[in-house]
Amino acid sequence: MNKNIARQADDVNPVAAVSTVAAVTVNCLVFLLPFLTLITNAGVGLCSFGFLLAAIWCHRQGLPEFRRHLNDIRGVLTAFAAACLFAGLTVLLHDDIYLRSWEKPSRMLLAVTALIAVLACRPSRMALWWGLIGGTVGGACVAGYQRWVLHIDRPGGLMNAITFGDIVLCMGLMCLAGVLDFRGRQRVWPAVGVVAGLIGMLATGTRGGWIAIGFAALLFLKYGHYLRGRFAKGAVALVAVLMVGGYFVPQTGMSERVDQGVSDVRTYFTGGSAFTNVGVRLELWKGAVLLAAHHPWAPSSQEQVKAELGELVAAGTLQPFVLDVEHFHNDALQALVFGGVLGLACWFGTLLLPFLFFLRLLNAHESAPPALVAPALAGLLLVLSYFSFGLTEVIFWSVRGAMFYVLMLFVVMGLCLNAREGAR
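Please read these numbers as outputs of a predicted model, since none were measured by experiment. (Residues numbered from 1 in each chain as written. Predicted model: local features only at pLDDT ≥ 70, side-chain atom pairs only at ≥ 80, totals over all residues. Heavy atoms only, no water.)

**Side note on the nonpolar core**
Under the convention used in this document: What is meant by a nonpolar core is a set of buried Ala, Val, Leu, Ile, Met, Phe, Trp, Tyr and Cys residues, joined one to another through side-chain atoms within 4.5 Å. Exposure classes here rest on a 1.4 Å probe applied to the protein chains alone. A residue is buried below 20% of its type maximum, exposed above 50%, and partly exposed in between. Each helix is a run of H or I in the DSSP string that is no shorter than four residues. Each strand is a run of E no shorter than two, and both are numbered from the N terminus. Only heavy atoms matter for contacts: two residues are in contact if any of them lie within 4.5 Å across the pair.
If you look at the biggest cluster of nonpolar residues, it comprises 100 residues, and the most contacted ones within it are Leu377, Tyr386, Tyr405 and Phe410. Considering each element in turn, this core owes the most residues, 16 residues, to helix 17 (residues 399–420). The contact partners of Leu377, leaving out residues within four places of it in the chain, are Ala177, Leu180, Leu219, Phe220, Tyr223 and Leu362.

So this is what it looks like as structure tokens:
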């Protein structure tokens, strides 16, 4: 009898051990994704590869769960699959568009493995919140040190200052949703993440993030009834107080950046020099509209766009400095110029359909517990933030920025689906 029990234990224990190791691994990946993004060069790439391996490792548990939720996630999957397919077709059909143009869309589609891993191993939501808190604090420390100790005017850690400021703010805003998942005095920790995100953005001097804060305010006005606790409402009010206060503190440089932006716009439209921070963007947007009007449906290569911009410069329609800029400082115009109307639709789908996914979860569960509301609100803030950043910057230009978005998106989607079933 004892021998039979021992034999059964030997048969079961290895499987249980593998499941435990897989669960710990996925929890670590959920934590490390936001934690490493701003303070390392390889963090996002390593987490992407880690989720791929974890999904393969746990495919027996993950694939059935994935298929079971297919009706819920079909729209989001279709959006990223369409973007990947469109990029592949443009490479095949356009001689001047190289294979490397397909790398980013294909990697973004493969990021669905993060969703499979989360559905299979059901990691704790706290791993995400602590990763966001640690990531924003680390990012704020790096940017603050560079700005106020090393006196670097536009610090960006290990990446472009604008991208750094956008991502640290995005993570800080997501911490706002995390307040709902904490209890008692522990709620101070996500509030610290919110403050750190704002400080990090202010240190970089990024102005595009202010639009994201405006959209976030509208979101919380719409879904403020979920903020039942005084502390949660206080955290939202804290954002407004810090932003208003930051304008009147000269060391933040916020008021100077606002005045500079207003002056740049006035100078551009009164016929003055366009070679200013905002003037360059306005001139690029003008050029993008002109190029898109020439070929609204056909994809274009980098060489073709440069040649057409050169013609407009030679004709005196655009200023020569547009030829020295890598992109158009607007995600929608970038997608329209290089992909035509279909490319624009594919890009917009990767924002709209995830937004609708989280919106449906909130609207279908008016009395939902914080376990569902918190990640759903975080997902909405993620999508809204990236849409906002794309109005004045090409946030999807860098592989790191694009992969952070899609990996975080699929992680939060998995946490939402798990929470809806009362998994946690």
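Once you've had a look at it, read on.
**Some thoughts on the packing of aromatic side chains**
We count it as follows: Think of it this way: a Phe, Tyr or Trp ring, Trp meaning its six-membered ring, pairs with another when their centres are within 6.5 Å, and the plane angle makes it stacked under 30 degrees, edge-to-face over 60, tilted otherwise.
Summed over all chains, the structure comprises 12 aromatic pairs. Centroid distance Trp130 to Trp189: 6.0 Å. Interplanar angle 55°. Geometry classified as tilted. On the criterion of sequence distance, the pair formed by Trp130 in helix 7 (residues 125–148) and Trp189 in helix 9 (residues 188–204) is long-range, its members being 59 residues apart. In this structure Trp130 comes out as partly exposed when scored by relative accessible area, which is 33%. Under the relative-accessibility criterion, Trp189 is labelled partly exposed at 42%. Ring geometry for Phe215 and Phe387: centres 6.0 Å apart, planes at 75°, overall edge-to-face. Here Phe387 lies in helix 16 (residues 370–389) and Phe215 lies in helix 10 (residues 208–222), a separation of 172 residues in the sequence.

**Some thoughts on unusual backbone geometry**
Backbone phi values are negative for most residues with the exception of glycine, while trans is the configuration of most peptide bonds. Here the phi dihedral of Arg122 falls at roughly 50°; this positive angle occurs in a residue that is not glycine. Note on placement: Arg122 falls in the loop between helix 6 (112–121) and helix 7.

**Quick notes on the pattern of salt bridges**
Here is the rule we go by: In the sections that follow, a salt bridge refers to a side-chain nitrogen of Lys or Arg positioned within 4 Å of a carboxyl oxygen of Asp or Glu.
What the rule picks out here adds up to eight salt bridges. In this structure, Glu65 and Arg68 form a salt bridge, with 2.6 Å as the shortest nitrogen-oxygen distance. You can see Glu65 and its partner Arg68 sitting in helix 3 (residues 59–68), three residues apart, about one turn around the helix. With relative accessibility at 16%, the residue Glu65 sits in the buried group. Of the charged contacts, one joins Glu421 and Arg68 as a salt bridge, the two residues approaching to 2.8 Å between their closest N and O atoms. Here Arg68 lies in helix 3 and Glu421 lies in the segment after helix 17, a separation of 353 residues in the sequence. Residue class for Glu421 comes out partly exposed when judged on its relative accessible area of 35%.

**Some details on helix 8 (residues 161–178)**
Applied cut-off: To estimate the expected span of a helix, count its residues, drop one, and scale the result by 1.5 Å. We define a polar contact as two N or O atoms separated by no more than 3.5 Å, with the added condition that, inside protein, one atom must be a possible hydrogen donor and the other a possible acceptor, whereas residues neighbouring each other in sequence contribute only through side-chain atom pairs.
With 18 residues, helix 8 ought to run about 26 Å at 1.5 Å a step, and its terminal C-alpha atoms sit 26 Å apart, in line with that. A large share of helix 8 lies buried, amounting to 18 of its 18 residues. Two or three places before Ile162, at the start of helix 8, stands the capping residue Asn160, its side-chain oxygen 2.8 Å from that residue's backbone nitrogen.

**Some points on the packing of helix 15 (residues 331–364) against helix 16**
For any two helices packed against each other, one specifies the crossing angle of their axes together with the interaxial distance. So the rule is basically this: Under this scheme, a helix contributes an axis fitted over its contacting stretch, all axes are lines through C-alpha atoms, and angles between N-to-C directions fall in the 0 to 180 degree range. Geometric relationships in this document are graded by angle, where less than 35 degrees denotes roughly parallel, more than 145 denotes roughly antiparallel, 65 to 115 denotes roughly perpendicular, and other angles denote oblique. We call a crossing left-handed when the near helix sits turned anticlockwise from the far one by less than a right angle, and right-handed when that turn is clockwise. Each residue is assigned to one of three groups, with Ala, Val, Leu, Ile, Met, Phe, Trp, Tyr, Cys and Pro labelled nonpolar, Asp, Glu, Lys and Arg labelled charged, and all others, Gly among them, labelled polar.
Put simply, helix 15 and helix 16 touch, their axes get as near as 9 Å, and they point 155° apart. When the interaxial angle is binned, helix 15 and helix 16 end up roughly antiparallel. The crossing of helix 15 and helix 16 is left-handed. Residues Phe348, Leu351, Pro354, Phe355, Phe358, Leu359, Leu361 and Leu362 of helix 15 form the contact with helix 16, whose participating residues are Leu372, Val373, Pro375, Ala376, Leu377, Gly379, Leu380, Val383, Leu384, Tyr386 and Phe387. Of the residues that constitute the contact of helix 15 with helix 16, the class distribution is 18 nonpolar, one polar and no charged.

**Points about the side chain of His327**
Mapped onto the fold, His327 is located in the loop between helix 14 (302–314) and helix 15. What makes His327 buried here is its relative accessible area of 8%. From its side chain, His327 meets the backbone nitrogen of His329 in a polar contact 3.2 Å long. Setting aside chain neighbours within four positions, we find His327 in contact with Leu284, Gln334, Glu393, Val394 and Trp397.

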